[in-house]
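# Descriptive structure summary
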Amino acid sequence: MCDTCGCNITHGNESLIRPGGKLATTESGKEAVSVLHSLLDENDHTAKHNREHFNAHNVLAINLMSSPGAGKTALLEATIKALKADASRDLSIAVIEGDLETENDAERIRKQGVEAIQIATGSACHLDAHMIHQALHSLNLDGLDIVFIENVGNLVCPASFDLGQHNNVVLLSVPEGDDKPAKYPVMFRTADMVMLSKADLLPVLEDFSPARAEAYLRNLANPAPMVHVSAKSGSGMADWAQWLRETIDQHRQDLQSEPAARSGHHHSHDHDAEQHHGPDISQA
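Residues numbered from 1 in each chain as written. Predicted model: local features only at pLDDT ≥ 70, side-chain atom pairs only at ≥ 80, totals over all residues. Heavy atoms only, no water.

## Some thoughts on the overall build of the protein chain
Filter applied, for reference: Note on conventions: DSSP H or I runs of at least 4 residues are helices, E runs of at least 2 residues are strands, and numbering of each starts at the N terminus. A simple rule labels every residue: compare its accessible area, found with a 1.4 Å probe on the protein chains alone, to the largest value its type can have, and call it buried under 20%, exposed over 50%, or partly exposed in between. Note on contacts: a residue pair is in contact if any heavy atoms of the two residues lie within 4.5 Å. Throughout, the Shrake-Rupley method with a 1.4 Å probe supplies accessible areas, and for residues the shown protein chains are the sole cover considered.
When helices and strands are tallied, the protein chain shows 10 helices and eight strands. Relative to its 284 residues, the protein chain shows a buried fraction of 52%. Residue pairs at least 24 apart in sequence account for 75% of intrachain contacts in the protein chain once pairs closer than 6 positions are excluded. Accessible area of the protein chain: about 13000 Å², with a carbon and sulfur share of 48%.

Below, the structure written as structure tokens:
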């Protein structure tokens, strides 16, 4: 969708196409007419840089995606509580929040005692790698185990932008209906985990069939686990927490076997232009 509607031009990357920007003109010196493909290439380059930065700090980055109101922030609140309650393993997390406006979600996370960086995307219906890159200048990764990136509520555009994350987690809430994986295949095809959220409503919303939702997911040739979870009742949170622990362990094993993925990366550059043209980013 972003390739045609133009919404891949965001506060994070618009400096690239402004006068004097890297993509403002073609190689011949003429003004560029089509910049969409180049912007996506630049996004992927920055995403790789972000991933290297996460790797250098042994941090697992998770991109949390869903439609609006599926319960991403509520899931994060419940996740923080569940991880804090586990005395056997103390996991430290931070959150990067993406919304068009307001700091509402970031404030909810901060009340749980967790650092949250808010990105206000303005008119952009998704986060991109440039926005995350800028946010990382306000986030100290030392000592962290996980950084959750709560993407803008949207089942289309966020799936097209690599942010530098290691895993994609997609929420499918019971009130939405069980056919969302069939209607939005790009989003659900990218998922490493699908969370059936607001599962406490299953007895009430009898038209929702978890088996049918999973069948749609498998039709996309996606073997990702589907966990039934309720942030309200706490059901399924133990399975989710266990998946997080196992994923962190696997990520660190992978880094040990591929030392080049984390060698000598330093997150220090001149970002004066980004500070002037970037999104509204704030932290606790």
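## As for the pairing of strand E6 (residues 193-197)
Heads up, the condition is: Only strands joined by at least two bridges in the DSSP assignment are considered to pair.
Within E6, five of the five residues are buried, leaving the element largely enclosed by the surrounding structure. Residues of E6 alternate between two faces, with Met193, Met195 and Ser197 on one and Val194 and Leu196 on the opposite face, all of them buried. In terms of strand pairing, strand E5 (residues 167-173) meets E6 through five bridges, oriented parallel. Opposite serine 173, over in E6, you have serine 197 as the bridge partner. In this structure, E6 lies alongside strand E7 (residues 226-228), joined through three bridges in parallel fashion. Bridge pairing in E7 links methionine 195 to valine 227.

## Overview of the side chain of asparagine 167
Within the secondary structure layout, asparagine 167 lies in strand E5. Among all residues touching asparagine 167, those that are not within four sequence positions of it are Leu60, Ala61, Ile62, Asn63, Asp192, Trp243 and Thr247.

## Structural notes on the environment of glutamine 165
Here is the rule we go by: We define a polar contact as two N or O atoms separated by no more than 3.5 Å, with the added condition that, inside protein, one atom must be a possible hydrogen donor and the other a possible acceptor, whereas residues neighbouring each other in sequence contribute only through side-chain atom pairs.
In this structure, glutamine 165 sits in the loop between strand E4 (146-150) and E5. Judged by its relative accessible area of 9%, glutamine 165 falls in the buried class. Residues glutamine 165 and arginine 51 lie 114 residues apart in sequence; the distance between their C-alpha atoms is 6.3 Å. For glutamine 165, the residues in contact, after removing those within four places along its chain, are Arg51, Ala61 and Asn63. At 2.9 Å, the side chain of glutamine 165 forms a polar contact with the backbone nitrogen of leucine 163. For glutamine 165, the side chain forms a polar contact with the side chain of asparagine 168, separated by 2.9 Å.

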